[in-house]
Amino acid sequence: MTTATIDTTELASRLRLGVTRLARRLRQEADLGISPSQLVALSSIERAGPMTMSELCAAEQVQPPSMTRTVAALVEGGLVTREADPTDRRVAWLRVTPEGVKLLNRSRRRKEEYLSRELRRLEARELAALDRAAQILTRLVEGGR
């Protein structure tokens, strides 16, 4: 099948819907007691290492007031620490706590367990197609690299 025989607009719509539904289902499976925005912020801080609020806002493309509330909830929950920079007291560094790392690991494990269970129900040809699709989706989100 060539690109000319595939309606890319229709395919884009079906992919968007499928990916959105899968992401929603995975969030439901995690059921960690924190909001999706808190989980995303926590993941970003873990992935990037210590970062400032400005860096987190830029990474997540969120305005400071919203991120301030999100981070405050993470700090209150013991998942993130906010530490003043020793050389510039106006700057605070955000770090994931060991409890935050445990929560992220639990989230990933639950999501992967759910997905693994569902994948085991598929036929070999379907698994092969999803394996290829996963490679293609990775390439798409990395800008075709």
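So, here is what we can say about the structure in this document. (Residues numbered from 1 in each chain as written. Predicted model: local features only at pLDDT ≥ 70, side-chain atom pairs only at ≥ 80, totals over all residues. Heavy atoms only, no water.)

Attention now goes to the overall build of the chain. Counting its secondary structure elements, the chain contains 6 helices and 3 strands. Here the C-alpha radius of gyration of the chain, 19 Å, is well above what a compact globule of 145 residues would show, namely 15 Å. C-alpha atoms of the chain, sized along the principal axes, occupy 60 × 30 × 25 Å. Long-range contacts, defined here as pairs at least 24 residues apart, represent 52% of the contacts in the chain between residues at least 6 apart. (Helix = DSSP H or I, 4+ residues; strand = E, 2+ residues; numbered from the N terminus. Rg over C-alpha atoms; globule rule 2.2 N^0.38 Å. Contact = heavy atoms within 4.5 Å.)

Now for the sheet that holds strand β3 (residues 92-96). Pairing in this open sheet of 3 strands is antiparallel, and the strands run β1-β3-β2 from one edge to the other. The open sheet is flanked by β1 (51-52) and β2 (80-84), the only strands paired with a single partner. Relative to β3, β2 runs antiparallel, the two being bridged by 5 bridges. In the sheet register, Ala-84 faces β3, and the bridge partner there is Ala-92. Where helix α2 (residues 36-48) meets the sheet, it contacts β1, β2 and β3, and its direction lies at approximately 95° from that of β3. (Pairing = 2+ DSSP bridges. Axes fitted to C-alpha atoms, helices over the stretch in contact; angles between N-to-C directions.)

When two helices pack together, their arrangement is given by the angle between the helix axes and the distance between those axes. Running from amino to carboxyl end, α2 crosses helix α4 (residues 64-76) at an angle of 80°, the nearest separation of the two axes being 10 Å. When the axis of α2 is compared with that of α4, the two are roughly perpendicular. Across from Ser-37, Gln-38, Ala-41 and Leu-42 in α2, the residues of α4 making contact are Met-67, Thr-70, Ala-73 and Leu-74. (Parallel < 35°, antiparallel > 145°, perpendicular 65-115°, else oblique.)

With that settled, consider unusual backbone geometry. A positive phi angle, close to 55°, is found at Gln-61, a residue other than glycine. A residue is classified by how much of its surface remains accessible, and Gln-61, at 74% relative accessible area, is exposed. (Buried < 20%, exposed > 50% of the residue type's maximum accessible area, 1.4 Å probe, protein only.)

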